[in-house]
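As a plain string of letters, each chain reads:
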Amino acid sequence: MVDGYYGALYHGTDEEETREESDRDEELGVSPVVSIPVQNAGDDDIKTNMSNERTFFKWMWTGIHVGSLGTWVLRFFADPTRFDVFLVFLTWVVAFCLMFYGLFRFYGRRWALKNGVEDPGEVDSPLAIVTLTLCVTVTMGGSVLYCVLSAS
């Protein structure tokens, strides 16, 4: 017989022992807690959902870093020209594109988790990391190159 206090389950077969424990529980004002398994579609658990959120926040931070580089370019020059302002605008456009892509992918993964999609190829694009790398490299490399060439 398993003790019925604080989360343990009643597994008694002897009716008299169960009745004695039930009377003792009522005297103390304690009720037994029964464990009920939670069933989700697919692998929809808290760990996977939090991993999806972390991935989304990484896309957001990458976009913010790319945009902040554009703002740095604007502050780098004492007297910015129209092209400098255009370059800043362009880096923020790329930054917001990265952020919105991350948001789009977040909801796509969330849908897949809720519906139990087993093939990750249906949800994630294998070219996403290549796109991210190219956007960051071209934007940051181009901005730094422009600053170096303009300063000399």
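Basis of the calculations
Residues numbered from 1 in each chain as written. Predicted model: local features only at pLDDT ≥ 70, side-chain atom pairs only at ≥ 80, totals over all residues. Heavy atoms only, no water. Helix = DSSP H or I, 4+ residues; strand = E, 2+ residues; numbered from the N terminus. Buried < 20%, exposed > 50% of the residue type's maximum accessible area, 1.4 Å probe, protein only. Contact = heavy atoms within 4.5 Å. Areas by Shrake-Rupley, 256 points an atom, 1.4 Å probe, with all protein chains shown as cover. Expected span 1.5 Å × (residues − 1). Phe/Tyr/Trp six-rings, centres within 6.5 Å; stacked < 30°, edge-to-face > 60°. Core = buried A, V, L, I, M, F, W, Y, C linked by side-chain atoms within 4.5 Å. Axes fitted to C-alpha atoms, helices over the stretch in contact; angles between N-to-C directions. Parallel < 35°, antiparallel > 145°, perpendicular 65-115°, else oblique. Nonpolar A, V, L, I, M, F, W, Y, C, P; charged D, E, K, R; others polar. pLDDT = per-residue confidence, 0-100. Polar contact = N/O pair within 3.5 Å; in protein donor to acceptor, adjacent residues only side chain to side chain.

**Describing the overall build of the protein chain**
Within the protein chain, the secondary structure is distributed over 4 helices and 0 strands. In the protein chain, the order of α-helices and β-strands from amino to carboxyl end is α-α-α-α. Within the span of the protein chain, comprising 152 residues, buried residues form 25% of the whole. Across the protein chain, contacts joining residues at least 24 apart in sequence account for 66% of those joining residues at least 6 apart. Of the roughly 11000 Å² of accessible surface on the protein chain, 63% is carried by carbon and sulfur atoms.

**Notes on helix H4 (residues 128–151)**
The terminal C-alpha atoms of H4 lie 34 Å apart, and with 24 residues this matches the ideal 34 Å at 1.5 Å per residue to within 8%. Inspection of H4 places Ala-128, Leu-132, Val-136, Thr-139, Ser-143, Tyr-146 and Cys-147 among the buried residues, and these make up the whole buried set. Where H4 is buried, its residues contact helix H2 (46–76) and helix H3 (82–115).

**Some details on the packing of aromatic side chains**
Tallying each qualifying case throughout the model produces 8 aromatic pairs. With 5.5 Å between their ring centres and 50° between their planes, Phe-56 and Phe-57 make a pair best called tilted. A residue is classified by how much of its surface remains accessible, and Phe-57, at 44% relative accessible area, is partly exposed.

**A few points about the nonpolar core**
Membership of the largest hydrophobic core is limited to 9 residues, which are Trp-59, Val-66, Val-94, Ala-95, Leu-98, Met-99, Ala-128, Leu-132 and Val-136. Residue assignment for this core shows that the elements contributing at least two residues are H2, H3 and H4. Per-element tally for this core: the top contributor is H3, with 4 residues. Those residues in contact with Leu-98, other than ones at most four positions away along the chain, are Trp-59, Thr-62, Gly-63, Val-66, Leu-132, Cys-135 and Val-136.

**Comments concerning the packing of H2 against H4**
For the pair H2 and H4, interaxial distance at closest approach is 11 Å and the crossing angle is 10°. Overall, the two elements H2 and H4 adopt an arrangement that is roughly parallel. Between H2 and H4, the contacting residues are Trp-59, Thr-62, His-65, Val-66, Leu-69, Trp-72, Val-73 and Phe-76 on the first element and Ala-128, Leu-132, Val-136, Thr-139, Met-140, Ser-143, Cys-147 and Ala-151 on the second. In terms of residue class, the contact of H2 with H4 is made up of 12 nonpolar, 4 polar and no charged.

**Quick word on the confidence of the model for the protein chain**
Mean pLDDT for the protein chain: 75, with 68% of residues reaching 70 or above. Per-element averaging of pLDDT across the protein chain places helix H1 (residues 15–28) at the bottom with 64 and H3 at the top with 87. Residue range residues 1–12 is modelled with pLDDT below 50. Its contacts to residues more than four positions away, or to other chains, number 29 contacts. Within the model, the stretch residues 35–39 combines pLDDT values under 50 with 1 contact to residues more than four positions away or in other chains.

**Details of the environment of Thr-137**
Along the polypeptide, Thr-137 turns up in helix H4. For the pair Thr-137 and Val-66, spaced 71 residues apart in the sequence, the C-alpha separation amounts to 9.7 Å. A polar atom in the side chain of Thr-137 sits 2.7 Å from the backbone oxygen of Thr-133.

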